[in-house]
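Breakdown of the fold
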Amino acid sequence: MADMRLIVAGAGGRMGRALIRAIDETDGVTLVGALEAPGSDLLGKDAGLLAGLSGNGVELSADLWAMSKEADGILDFTVPAATIANVAIAAQRGIVHVIGTTGLSASDNAVIKSVTSQAIVVQSGNMSLGVNLLAALVKQVAKSLDEDFDIEILEMHHRQKIDAPSGTAYLLGQAAAEGRGVNLDQRSVRARDGHTGARIPGDIGFATLRGGTATGDHTVIFAGPYERIELAHKSEDRMIFARGALKAAMWAQGKKPGFYTMADVLGIGAS
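Residues numbered from 1 in each chain as written. Predicted model: local features only at pLDDT ≥ 70, side-chain atom pairs only at ≥ 80, totals over all residues. Heavy atoms only, no water.

By the naming in an unreviewed UniProt entry, the protein chain goes by 4-hydroxy-tetrahydrodipicolinate reductase and is assigned to Candidatus Afipia apatlaquensis. Listed in UniProt under the heading Subunit (unreviewed entry), the comment for the protein chain reads: "Homotetramer." Listed in UniProt under the heading Sequence similarities (unreviewed entry), the comment for the protein chain reads: "Belongs to the DapB family." (UniProt positions renumbered as here; feature names shortened; annotations may be inferred.)

This is the structure:
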């Protein structure tokens, strides 16, 4: 079978470069396009050299329509506005769109889901295989424990991260809410300051830390009477997200148009 031909969006960024390195290390995939924002100083640069590899002849371009003509999929860890623009083109081309962008609004997500009658979309707040297995555990624990156990989600990322709480924290919060059978938007507490009063039973709390170069630490705490259960995942390198995205893309190739998550990729979506 021929290699899956992939485009990396945001190819000049840290995650984009990690994706390019992962493609170079993975059998069955090849890089055919490197997308960057219009006006970027990196346009025209060799994607391989930017990623710390030997030159591969794939130059960074802002023209997704042109580069997607010969592509099978796009790996997209960019910003919401760019992802929404990319969604339309990926849908028109009928290629796999793997979305790891965080900070998307409810309306952004509605746009993404609106194209899945003709496009194959795999979206997750975190593409790490370990994080998605953690989410499955969080859902099961939340389902097993009643509101005597308060749920708190603590996350830490590097100082450059621009959205909070992280997409991964939200993914874990959503898993906890599903386990409890509640609406996360209605029961989440995103910040506490001043005289807040006692904690409301059943709320799901979030705490955000930023600093240094941390690529992502997440802990879900179930705090009950006289005991705590803590489920944690610590990321050591962005390559875990890149490898997960590649697994998602290769899994999605040939699937029917629709909306999928990493739970589907891992076969744990039915629990």
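With that settled, consider the packing of aromatic side chains. Any pair of aromatic rings gets described here by the distance separating the centres and the angle formed by the planes. Tallying each qualifying case throughout the model produces 1 aromatic pair. When the ring of W251 is compared with that of Y260, the centres are 5.2 Å apart and the planes differ by 80 degrees; the resulting orientation is edge-to-face. The ring centre of F206 lies 5.1 Å from the NZ or CZ of R190, which sits over that ring. (Phe/Tyr/Trp six-rings, centres within 6.5 Å; stacked < 30°, edge-to-face > 60°. Lys NZ or Arg CZ within 6 Å of the ring centre and 35° of its normal.)

Our focus in this paragraph is the UniProt feature "domain: Dihydrodipicolinate reductase C-terminal" (unreviewed entry) in the protein chain. As annotated by UniProt and renumbered to match this structure, "domain: Dihydrodipicolinate reductase C-terminal" (unreviewed entry) occupies residues 130–266. With 38% helix and 26% strand, residues 130–266 has end C-alpha atoms that lie 10 Å from one another. (Helix = DSSP H or I, 4+ residues; strand = E, 2+ residues; numbered from the N terminus.)

The next point concerns unusual backbone geometry. With an omega of -10 degrees, the peptide bond between A164 and P165 qualifies as cis. Position of P165 among the secondary structure elements: in the loop between β7 (150–157) and α7 (167–180). One non-glycine residue, Y226, adopts positive backbone phi at about 70 degrees. Relative to the helices and strands, Y226 is located in the loop between β10 (217–224) and β11 (227–234).

Viewed as axis vectors pointing N to C, helix α4 (residues 80–93) and helix α5 (residues 106–114) meet at an angle of 20 degrees, and their least axial separation amounts to 10 Å. Put simply, α4 runs roughly parallel to α5. For α4 against α5, the interelement crossing comes out left-handed. For the pair formed by α4 and α5, the contact residues are P80, T83, I84 and V87 on the first element and D108, V111 and I112 on the second. (Axes fitted to C-alpha atoms, helices over the stretch in contact; angles between N-to-C directions. Parallel < 35°, antiparallel > 145°, perpendicular 65-115°, else oblique. Left-handed = near helix turned anticlockwise from the far one by under 90°. Contact = heavy atoms within 4.5 Å.)

An order of β3-β2-β1-β4-β5-β6-β12 is seen for the 7 strands of this open sheet, with the pairing classed as parallel. With partners counted over all chains shown, the strands left at the sheet margins are β3 (60–61) and β12 (258–260), one partner each. Both strand β1 (residues 4–9) and strand β2 (residues 29–35) contribute to a ladder of 6 bridges, which runs parallel. Opposite R5, over in β2, you have T30 as the bridge partner. Its contacts with the sheet place α5 against β5 (96–99), β6 (120–123) and β12, and it is angled at close to 145 degrees to β6. Set on the sheet, helix α9 (residues 239–252) makes contact with β1, β2, β4 (73–76), β5, β6 and β12; between it and β5 the angle comes to about 155 degrees. (Pairing = 2+ DSSP bridges.)

Once that is clear, we can look at the pairing of β4. Side chains G73 and L75 of β4 all project onto a buried face; the interleaved residues I74 and D76 project onto the opposite face, where all are buried too. The pairing of β1 with β4 spans 4 bridges and is parallel. Note on β4: the bridge partner recorded for L6 is G73. When β4 meets β5, the two strands line up parallel, connected through 4 bridges. Looking across to β5, one finds that L75 is bridged to V98. In this view, the connection linking β4 to its parallel neighbour β5 by way of α4 has right-handed handedness. (Buried < 20%, exposed > 50% of the residue type's maximum accessible area, 1.4 Å probe, protein only. Right-handed = clockwise from strand over helix to strand, strands pointing away.)

It is worth spelling out the UniProt feature "domain: Dihydrodipicolinate reductase N-terminal" (unreviewed entry) in the protein chain at this point. Using the residue numbers shown here, the UniProt feature "domain: Dihydrodipicolinate reductase N-terminal" (unreviewed entry) corresponds to residues 4–127. Overall, residues 4–127 shows 35% helix and 22% strand. The separation of its end C-alpha atoms is 19 Å.

Now for helix α1 (residues 14–25). For α1, built from 12 residues, the straight-helix expectation of 16 Å at 1.5 Å per residue is met to within 8% by its first-to-last C-alpha distance of 17 Å. Among all positions in α1, only M15, G16, A18, L19, I20, A22 and I23 are buried. (Expected span 1.5 Å × (residues − 1).)

One open sheet accounts for 5 strands, arranged β8-β9-β7-β10-β11; its pairing is mixed. Because the sheet does not close on itself, it has two edges, and the strands there are β8 (188–189) and β11. Direction of pairing for β8 relative to strand β9 (residues 204–210): parallel, over a ladder of 2 bridges. Bridged to V189 within β9 is G205.

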